[in-house]
Amino acid sequence: MATKPTATKSHGRSVLRIYFLLMTLVGVIGTLVALGFFLYTVGKKVIITNNEYIVGERYYELDQCSNTVVADTKTVKPTDAEIAKCKEEKKVTLIQARNALFKEDMLSGAIRTLLFFVLLMVHYPRFMRFNKKD
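Residue indices begin from 1 for each chain and proceed along its sequence in written order. The predicted nature of this model means local features are confined to residues of pLDDT at least 70 and side-chain atom pairs, given and counted, to a pLDDT of 80 or more, with totals for whole chains, interfaces and linings taken over all residues. Side-chain descriptors were evaluated using all non-hydrogen atoms of the structure, hydrogens and water having been removed beforehand.

Caption draft 1: Fine view of the overall build of the chain. Elements are defined by DSSP. Helices are runs of H or I of four residues or more, strands are runs of E of two residues or more, and each kind is numbered from the N terminus. When you go through the chain residue by residue, the secondary structure sums to 4 helices and 2 strands. Across the 134 residues in the chain, those meeting the buried criterion constitute 16%. Contact between two residues is taken to exist if any of their heavy atoms lie within 4.5 Å; hydrogens are not considered. In the chain, the share of contacts with a sequence separation of at least 24, taken over all contacts with a separation of at least 6, comes to 81%. With the model as given, the accessible surface of the chain reaches about 10,500 Å², and the carbon-plus-sulfur share is 66%. Burial classes: relative accessible area under 20% of the type maximum marks a residue as buried, over 50% as exposed, and values in between as partly exposed (1.4 Å probe, protein chains only). Only the protein chains shown count as cover for residues, and the accessible areas themselves come from Shrake-Rupley with a 1.4 Å probe.

Caption draft 2: The confidence of the model for the chain, seen in detail. Residues of the chain with pLDDT of at least 70 account for 88%, and the chain-wide mean is 86. A residue's pLDDT is simply how confident the predictor is in it, with values from 0 to 100. Across the chain, helix α4 (residues 80-133) holds the top mean pLDDT of 91, while strand β1 (residues 69-71) sits lowest at 72.

Caption draft 3: Region of interest: a nonpolar patch on the surface. Patch membership requires over 30% relative accessible area and the absence of a salt bridge. Like charges are linked within 9 Å, and nonpolar side chains (Val, Leu, Ile, Met, Phe, Trp, Tyr) within 5 Å. Within this document, salt bridges are pairs made up of a side-chain nitrogen of Lys or Arg and a carboxyl oxygen of Asp or Glu, the two lying within 4 Å of each other. Together, Ile18, Leu21, Leu22, Leu25, Val28, Ile29, Leu32 and Val33 make up a nonpolar patch on the protein surface, roughly 720 Å² of accessible area in all. Mapped onto the fold, leucine 22 is located in helix α1 (residues 11-47). Under the relative-accessibility criterion, leucine 22 is labelled partly exposed at 46%.

Caption draft 4: Region of the structure containing the state of the cysteines. Here, the term disulfide refers to a pair of cysteine sulfur atoms separated by no more than 2.5 Å. A full pass over the atoms with the stated rule returns 1 disulfide. Here cysteine 65 is linked by a disulfide to cysteine 86, with a sulfur-sulfur distance of 2.1 Å. Torsion about the S-S bond of the cysteine 65 and cysteine 86 cystine: about -70°, corresponding to left-handed handedness. With cysteine 65 in the loop between α3 (59-63) and β1 and cysteine 86 in helix α4, the pair connects residues that are 21 residues apart, well separated along the chain. For cysteine 86, a relative accessible area of 24% corresponds to the partly exposed category.

Caption draft 5: Structural context of the side chain of threonine 41. As for its placement among the helices and strands, threonine 41 is situated in helix α1. For threonine 41, a relative accessible area of 5% translates into the label buried. Setting aside anything within four residues of it in sequence, one finds threonine 41 in contact with Phe102, Asp105 and Met106.

Below, the structure is given as structure tokens:
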């Protein structure tokens, strides 16, 4: 009876298999986390209005308009018109700051999502091809 030659497995193949598995998992998990951050940023902008943002997050900056000013050993209390003007200017500034932060978060989330997705798309097909050979 003839014996079948047995194929010997090399350790290099198992190391490659582990590498492709890990990179695929990193790609999947990274893409999901980055996409979640991206969607959270969009949802926060859509659901929370500018007035709610100012009242909930940055109300203390509006309170600063009512504070008295000490200049040259004199205490100056702002008038109601000055307080109203200051609050309106602060609101505009806070909304602009929120929009800038939103754009930064969108850019960051989009880039991270894209990078992890590319990592996934590069390694997943190779992982599947490598596992089909066995």
